[in-house]
Amino acid sequence: MLAAGIFGVPVAKSLSSSGFGDPTSESATAKQLLTDKFHQGDMQMLITVTAPDSATGAAARAVGLDIVDQLKRSPNVAGVTSAWTTPPAAAKRLVSTDGKAGLIVAGIGGGESAAQATAQTLSDEITREHPAGATGIIVRSGGDAMVNAQINSQLQRDLLLMESIAVPLSFLVLVWVFGGLLAAALPVAVGLMAILGSMAVLRLITFSTDVSNLAPNLSTALGLALAIDYTLLIISRYRDELADGAHPNAALITTMTTAGRTVLVSATTVALSMAAMILFPMHVLKSFAYAGVATVAFAALAAVVVTPAAIVLLGDRLNALDVRRLARRLLHRPDPVQGPVEGQFWYRSTTSVMRRAVPLALAVVALLLVLGAPFLGVKWGFPDDRVLPTSASAHQVGDQLRTEFADNSATSVTAVIPDAGGLTAADLERYAAQLSGVPDVSAVSAPTGTFVAGARVGAPSAATGAAQGSAFLTIDSTAPLFSDASQTQLDRLHAVPGPAGRQVELTGIAQTNRDSVDAITSRLPAVLGLIAVITFGLLFLLTGSVVLPLKALVLNVLSLTAAFGALVWIFQDGHLGALGTTPTATLPANTPVLLFCIAFGLSMDYEVFLISRIREYWLASGAVGPATLSPGPVRTRADNDRSVALGLARTGRVITAAALVMSISFAALFGAHVQFMRMLGLGLTLAVLVDATLVRMVLLPAFMHLLGRWNWWAPKPLVWLHDRIGLREGEKSTERATVPVA
């Protein structure tokens, strides 16, 4: 782990801020052609020069021209246009409506990662040389190059903040759960090992492909949460075995053959759920898959290797430095006496739920569906500068473009003709004239002029050109981004025949967003189906039942409804002040997919913990499932109910404590100043808390009570299959498991 830390910690310098789009899409192909043949740069940098009087005044003009010269001297700047160097027809687009701000547009080349670094360096130099002084001229840097650069630097700062919040708070909760400081420190140590291991894997992956700078944040939150979950389960089971009178060595062996195997099954389920994101073409989702699988693997490995080794080495000192015992002495309170399991809170609450199974189940299901209802109104969008805090210069430049400039370049669409060889100027003019007649198109700039409503009105007013057998036109649009009007306009632009029947590819934010949403929705059924099959298969191998896996799928989906509804209600619709972020009336399509894959896997984490223990008591009762037709006693619904109550009594406190620690880790994402990290933090925190409370404490016992012995049913062919390849979880500890039953 020390070696992994030395190798992995520098990974932050090799990460990318982009990756939300589909690199195989029409828009990405067109954008790449613009970069290769027209030298527009891989990313765009926008600089606004705002004067107190006029952007065309002498002071603003001098600053603007100086910045243009400075940009042109940079070897990675592909081209520069500005309000002071462009012909008058095009310069009007680069001056604000009040005449006080001028715009400079620069294309930054060298690849996305290099473009971000170049933009940040240029921004620092320009800001340093042109501070807001006595002249009152304000220079701000923005554009997608600066957006990505500022997201990258912001996330690096946020990562340190998250760790400083999550680790101490998690340790305090573990002290409350375990009592002993050494026992509480063990899960934190395992979590740090998982984080360092995942960082090393991410850095290794950066040598062959792009990795999103969001991935380390997930590794930190997920690694700490899962490591604590797994270690907590192992130590709690070990203590249970000791309390039942087992010798320490025998207790540890029983613990690892039951809880240890449960950890591996759970980790496999979580890892495979997250691995499904590799099927999406977006680098950001692939990056989360890399980070998730690596983090889960290292957390499980450390839990099943380091934890038992530490238990052996520490021996009785595992319970040393018990803070709870010290607190009882100071308060003059007696040590707690372990009473019968029937008197414990979790046993009594479970039996109470099962006595009122139907009304409670209906009430909770109705509540979750109501909380998830806002998701029905979701509107997909593409992340822009507004994911940054309002103090970021890229956000401020974006606000200027949206409110102060008549033509917002973000709404424009670029039509690229890859094979324009043999086309005449008249062909391009006819095509431009047809495009200008599409509703909500204000103007079309072609190499020979600008067209409005089918007629040529003057020289080109926006970027356009023809070179190396290709051509492109810029279509100015008044349709709001991500609106129905924007989608309809894209359909109509695609419907216009290309010049002389040539293929035309569109790009721009609107088309990129459409391509991204299409890439997700077209692959979503396959991803969801794969996750469902993996979940069903692993739970069948664990339980031998086909009913319990189906029940788990239903409950896991219900546990996510509140999280999805909250994302739309808060971040899309702007309630609760959007939790300190800027609402955009849309939701990035990547976020719900990411939330589903992570939260679904974590829900299965608790499902495996609980069901494996319930099954131990079910096997200990000597019961035989309804479909097995094997000789032996067949128990009643009461035996099923008692197994459920005992399983929750033994794991309820552990699951609740694990959920509390996990929610702390994910709630630490609220410390991030990037909007989609706060979205992820809120969604995962709600999903974990709902799953550990309403689902595991109410819906699961209610459903299992209603199903009775049919919880454990499977067709005879599958019973035969499970007898040969199923996981024999808990059967070796059957004798000890009967003690609380007796």
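Above this text you will find the structure in question.
Residues numbered from 1 in each chain as written. Predicted model: local features only at pLDDT ≥ 70, side-chain atom pairs only at ≥ 80, totals over all residues. Heavy atoms only, no water.

Visitor: Sorry, what's going on with a nonpolar patch on the surface here?
Guide: Judged by side-chain polarity, Leu161, Ile165, Leu169 and Leu172 come together as a nonpolar surface patch covering roughly 320 Å² of accessible area. By the secondary structure assignment, leucine 161 is in helix H6 (residues 143-178). (Patch = residues over 30% accessible without salt bridge, like charges linked within 9 Å, V, L, I, M, F, W, Y side chains within 5 Å. Areas by Shrake-Rupley, 256 points an atom, 1.4 Å probe, with all protein chains shown as cover. Salt bridge = Lys/Arg side-chain N within 4 Å of Asp/Glu carboxyl O. Helix = DSSP H or I, 4+ residues; strand = E, 2+ residues; numbered from the N terminus.)

Visitor: What is the right way to read the packing of aromatic side chains from this model?
Guide: Geometry of an aromatic ring pair is reported as the spacing of the ring centres plus the angle between the planes. Under the defined criterion, the tally for this structure stands at 10 aromatic pairs. When the centroid spacing of 6.3 Å and the interplanar angle of 70° are considered together, the rings of tyrosine 230 and phenylalanine 609 count as edge-to-face. Residue tyrosine 230 is located in helix H8 (residues 215-243), and its partner phenylalanine 609 is located in helix H19 (residues 590-620); the two are separated by 379 residues in the primary sequence. When sorted by exposure, tyrosine 230 lands in the same class as phenylalanine 609, which is buried. Where phenylalanine 345 meets tryptophan 346, the ring centres are 5.0 Å apart and the plane angle is 75°; that geometry is what we call edge-to-face. In this structure phenylalanine 345 comes out as partly exposed when scored by relative accessible area, which is 44%. Here the basic side chain of arginine 203 rests over the ring of phenylalanine 7, its NZ or CZ set 4.9 Å away from the ring centre. (Phe/Tyr/Trp six-rings, centres within 6.5 Å; stacked < 30°, edge-to-face > 60°. Buried < 20%, exposed > 50% of the residue type's maximum accessible area, 1.4 Å probe, protein only. Lys NZ or Arg CZ within 6 Å of the ring centre and 35° of its normal.)

Visitor: Is there a simple way to think about empty space enclosed by the protein in this case?
Guide: Gaps left between atoms are located by rolling a probe of water-molecule size over the structure's atoms. Inspection of the entire model under this criterion finds 5 cavities of 30 Å³ or more. Estimated volume of the largest cavity: approximately 120 Å³. Taken together, 15 residues make up the lining of the largest cavity; nearest its centre are Leu233, Arg237, Ala259, Arg613 and Thr651. If you list the elements that add at least two residues to the lining of the largest cavity, you get H8, helix H9 (248-275), H19 and helix H20 (637-667). Within the lining of the largest cavity, the residues separate by chemical class into 4 nonpolar, 5 polar and 6 charged. A volume near 100 Å³ is recorded for the second largest cavity. Lining of the second largest cavity is provided by Phe20, Leu214, Val284, Leu285, Phe288, Asn590, Thr591, Leu594, Phe676, Met677 and Leu680. Secondary structure elements with two or more residues in the lining of the second largest cavity: helix H10 (283-314), H19 and helix H21 (675-707). (1 Å grid on protein atoms, 1.4 Å probe; cavity = no way out; pocket = protein on both sides within 12 Å on 5 of 7 lines; lining within 4 Å. Points joined across faces, edges and corners; volume = space filled by probe spheres on them. Nonpolar A, V, L, I, M, F, W, Y, C, P; charged D, E, K, R; others polar.)

Visitor: Teacher, can you tell me more about the pattern of salt bridges here?
Guide: Between side chains of opposite charge, a pair can form when the charged atoms approach closely. Applying the stated criterion across every chain, the model contains 13 salt bridges. Where aspartate 399 meets arginine 402, a salt bridge forms, and the shortest distance between an N and an O atom there is 2.8 Å. Of this pair, aspartate 399 and arginine 402 both sit in helix H14 (residues 393-404), separated by 3 residues, roughly a single helical turn. On the accessibility criterion, aspartate 399 (31% relative accessible area) is partly exposed. In this structure arginine 402 comes out as partly exposed when scored by relative accessible area, which is 30%. The partner of arginine 430 in a salt bridge is aspartate 427, and the shortest N-O contact between them spans 2.4 Å. Of this pair, arginine 430 and aspartate 427 are both found in helix H15 (residues 425-436), 3 residues apart, which corresponds to roughly one turn of the helix. Overall, aspartate 427 belongs to the buried group, its relative accessible area being 15%. Because the salt bridges share partners, they merge into one network encompassing Arg237, Asp240, Glu241, Arg613 and Glu616.

Visitor: For this particular structure, what's the right way to read the pairing of strand E8 (residues 449-452)?
Guide: Along any regular strand, the residues point their side chains to alternate faces of the sheet. As paired strands, strand E7 (residues 441-446) and E8 are joined by 3 bridges and run antiparallel to one another. Residue pairing across strands places alanine 446 opposite glycine 449, the latter belonging to E8. The antiparallel hairpin formed by E7 and E8 contains 2 residues in its connecting segment. Between E8 and strand E9 (residues 455-458), which pair antiparallel in sequence order, lie 2 residues; one of them, alanine 453, sits at a positive phi of approximately 55°. (Pairing = 2+ DSSP bridges.)

Visitor: Where do I start with the environment of valine 416 in this structure?
Guide: One can find valine 416 in strand E6 (residues 413-417). Leave out the neighbours within four places in its chain, and valine 416 touches Ala30, Leu33, Leu34, Ala471, Phe472, Gln503, Val504 and Glu505. (Contact = heavy atoms within 4.5 Å.)

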